[in-house]
Amino acid sequence: MPYLAAGSRLAKIAIAEEEPMMKAASHPSALKVQAMLGHDFEVMEFDKSTRTAEEAAAAIGCRLAEIAKSLVFRDQATGVAVIIIASGANRVDEAKVRRLIGSTIERAPPDFVRDVTGFAIGGVPPIGHAAGNSIFIDEDLMVLPFIWAAAGTPNAVFRLTPQELLEISGGHTADIKENPGG
């Protein structure tokens, strides 16, 4: 971008285009998450998608590792949901999860995700799921001061600490990260 004089109309437009537009939650699903969270957290909606970890990091302006992505799997033996809250920078090692739960898992189809979480893929928050689901939290999230999680829609998120994530989700930390090269 060519140099723009500070305060010029073009500079103001360029700055506005680079800054994410966010507002307080207004979508019914985001408001549902806000109600579950209470006043200790603030659900924010962005004008850009936060559906994937990459999109969320870009919209928020944070590092990919600071995104707490909720991934839903299904235990093949019991049919119960296994929810993994992973760092946006990590891939889940399904073999490690299999050893944690003692059963094989599979990626859950969209209708199953909605049935067990109440939310569509891309907006699944780390709270408010059906009882009996197993929740595991990527131990890599625990070293960060703050993280961002989905809040009910593909453009809504909220900020929290890793300790708060443990408390509100009822999850357990685990080594679930796929290690590069095997």
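About the cut-offs
- Residues numbered from 1 in each chain as written.
- Predicted model: local features only at pLDDT ≥ 70, side-chain atom pairs only at ≥ 80, totals over all residues.
- Heavy atoms only, no water.
- Helix = DSSP H or I, 4+ residues; strand = E, 2+ residues; numbered from the N terminus.
- Buried < 20%, exposed > 50% of the residue type's maximum accessible area, 1.4 Å probe, protein only.
- Contact = heavy atoms within 4.5 Å.
- Areas by Shrake-Rupley, 256 points an atom, 1.4 Å probe, with all protein chains shown as cover.
- 1 Å grid on protein atoms, 1.4 Å probe; cavity = no way out; pocket = protein on both sides within 12 Å on 5 of 7 lines; lining within 4 Å.
- Points joined across faces, edges and corners; volume = space filled by probe spheres on them.
- Nonpolar A, V, L, I, M, F, W, Y, C, P; charged D, E, K, R; others polar.
- Phe/Tyr/Trp six-rings, centres within 6.5 Å; stacked < 30°, edge-to-face > 60°.

> When you look at the overall build of the protein in this model, what are you seeing that I'm missing?
Within the protein, the regular secondary structure consists of six helices and nine strands. Across the 182 residues in the protein, those meeting the buried criterion constitute 45%. A fraction of 61% describes how many contacts in the protein between residues 6 or more apart in sequence connect residues 24 or more apart. Accessible surface, the protein: about 9,600 Å² in total, of which carbon and sulfur atoms supply 53%.

> Help me out: how do you make sense of the layout of surface pockets in this one?
Gaps left between atoms are located by rolling a probe of water-molecule size over the structure's atoms. What the largest pocket holds in volume is close to 540 Å³. Taken together, 29 residues form the lining of the largest pocket, with Arg-51, Lys-69, Ser-70, Leu-71 and Arg-107 sitting closest to its centre. Of all elements in the fold, only α3 (53–60), β3 (67–75) and β7 (147–150) reach the threshold of two or more residues within the lining of the largest pocket. Among the elements that take part in the lining of the largest pocket, β3 stands out by supplying seven residues, more than any other. Considering only residue class, the lining of the largest pocket consists of 17 nonpolar, six polar and six charged.

> I would appreciate a short explanation of the packing of aromatic side chains in the present structure.
Between two aromatic rings, the relevant description is the distance of the centres plus the angle of the planes. Under the defined criterion, the tally for this structure stands at one aromatic pair. Ring geometry for Phe-41 against Phe-158: centres 5.8 Å apart, planes inclined by 75°, an arrangement best described as edge-to-face. Separated by 117 residues along the polypeptide, Phe-41 in the loop between α2 (28–37) and β2 (44–46) and Phe-158 in strand β8 (residues 156–160) bring together distant segments of the chain. By relative accessible area, which is 10% here, Phe-41 ends up buried.

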